[in-house]
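# A structural walkthrough
What follows is the residue order along each chain.
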Amino acid sequence: MSIEPAPIRRPGSEPEVALVFSPEQWVETLHRHFADHGGVRVRQVVMDPALALEEEYDILVVSHRWPALTRAFVDALHGRRRRVLGVFEADEPVGREFLLSLDVDDVIESGASMNEFVAAIVSLQAAIHHISGDETNSAPTTALSSATDELDSALIAVGGPSGGGTTEIAVELARTLHAGNTPAALVDADEVVPAVAQRLGLSIEPNLRTAVDAVEHGGGDVDASLLTGPDGVSVLCGLPNVAAWSQVRPAEVIDVIRALCRAHRFVVADIANRLEDVGGGPRSRYGISREVVARASSLVGVGQGTPVGVTRLLAWVADVRVLNADAPVHLVVNRAPADAFRRAEITDEIRRTYPPASLTFVPHDRRVELAAWDGTAVARGPFVKAVAELTLLVAPVATPARTSRSRARLAARRAAVLEPQ
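Analysis parameters
Residues numbered from 1 in each chain as written. Predicted model: local features only at pLDDT ≥ 70, side-chain atom pairs only at ≥ 80, totals over all residues. Heavy atoms only, no water. Salt bridge = Lys/Arg side-chain N within 4 Å of Asp/Glu carboxyl O. Buried < 20%, exposed > 50% of the residue type's maximum accessible area, 1.4 Å probe, protein only. Helix = DSSP H or I, 4+ residues; strand = E, 2+ residues; numbered from the N terminus. Pairing = 2+ DSSP bridges. Right-handed = clockwise from strand over helix to strand, strands pointing away. Polar contact = N/O pair within 3.5 Å; in protein donor to acceptor, adjacent residues only side chain to side chain. Core = buried A, V, L, I, M, F, W, Y, C linked by side-chain atoms within 4.5 Å. Contact = heavy atoms within 4.5 Å.

## Quick word on the pattern of salt bridges
Two side chains that carry opposite charge are able to pair once their charged atoms sit near each other. Taken as a whole and judged by the stated rule, the model has 20 salt bridges. Glu252 serves as the salt-bridge partner of Arg249, at 3.5 Å between the closest nitrogen and oxygen. As far as burial versus exposure is concerned, Arg249 and Glu252 are alike and both buried. Arg274 is the partner of Glu276 in a salt bridge, and the nearest nitrogen-oxygen pair spans 2.6 Å. Its relative accessible area of 33% is what places Glu276 among the partly exposed residues.

Structure below.
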């Protein structure tokens, strides 16, 4: 995938570094020494922190004076299995203290010899190999590993073909989770038509872009980017305009979700209705939604309760399985027909093509339209009841306590829907 961390080279290969450009003499001297004598390969000389996160290398060598150097930035590099060598001036001891406060991996005086620089870089590369499991007695304990574990247990991606009602399902799913005394957040990760703010009558500021600035560049607290939605659920609104998707990298959005997962048991992400890889690269069209799908622990696909809607929903399932073959896929037939015969036909068609982890029929409910006009949560009725049952299937540990009898009835009803005839 376009935003995976750089592949870790085997021990014995030359370390690859990125040098942060600054006017200090040591930067030019170091660059020239590496070019003339080898031992270390300079992949990039960077000025933009976004480029430092995006490019592939092992170790970032950076002055304590660089304005973009923050704790959040260092954490983001660690999350990509990169190490940071901080350089300070001997006559500025506060620079060394500042670097250590950011949890950089090692520090060195700018006046150190070139051999000392090389030794420090080689030592950091060896640490990368050790942590990544290249040595037989090591275990993968990087920041990325623990962060991925957080995502694996917390991220629910809600998507589907256009017109299926994914935003309504995502909003109600997050609200139901949160109402069950389980901290939940709703993220509008749709880079095509972000609509959660409009749906809930919330301000478009702060938003996903604000959260990216907070997490990646230390521009504030990610919690300050959250708004309060129905029943107190935390809401991170989407990009402020449709052109802004090209200014945000998928990896940055994942870092935001990772930060939210530390404070919320579940994060529900409303994603785009298209998942094709258009353009390629770290800022490809639909790249945000693709990466959310790839990292999700559970996938919820929503489609209309018509023959065309079901066909498009199954095509969407085929797309997500390419991106994520492991996560369970729960399918929702929204605005489903009340007729039992037609529901049976839909069930048979889905079962023949792709047996889902669960299948939920959500009936048409006029309360949904009324809530959309008012910018509020949907009032209790058939829609809310059906999504509550969906929540029990997608995140059973998070839903309000039910009696064993009610759970058994629900399990039996689902088994009857999915059981081959």
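What follows continues from the structure just given.
## Quick look at the pairing of strand 3 (residues 59–63)
Counting buried positions over the 5 residues of strand 3 gives 5, a clear majority of the element. Every second residue of strand 3 is oriented toward a common face, with Ile59, Val61 and Ser63 on one face and Leu60 and Val62 on the other, all of them buried. In this structure, strand 1 (residues 16–20) lies alongside strand 3, joined through 3 bridges in parallel fashion. Within the sheet, the bridge partner assigned to Val17 lies in strand 3 and is Ile59. Regarding topology, helix 3 (residues 71–78) serves as the crossover connection from strand 3 to the parallel strand 4 (residues 83–88), and that connection is right-handed.

## Regarding the side chain of Thr347
Within the secondary structure, Thr347 is located in helix 13 (residues 340–353). A polar atom in the side chain of Thr347 sits 2.9 Å from the backbone oxygen of Arg343.

## A word on the nonpolar core
Here is a general trend for soluble globular proteins: nonpolar side chains tend to be buried in one another's company. Val256 and Val292 are the most contacted members of the largest nonpolar core, which totals 50 residues. Ignoring sequence-local partners within four residues, the contact set of Val256 consists of Leu208, Ala211, Val212, Val215, Val222 and Leu236. Of all hydrophobic cores here, the second largest spans 33 residues; its members include Val171, Val362, Val387 and Leu390.

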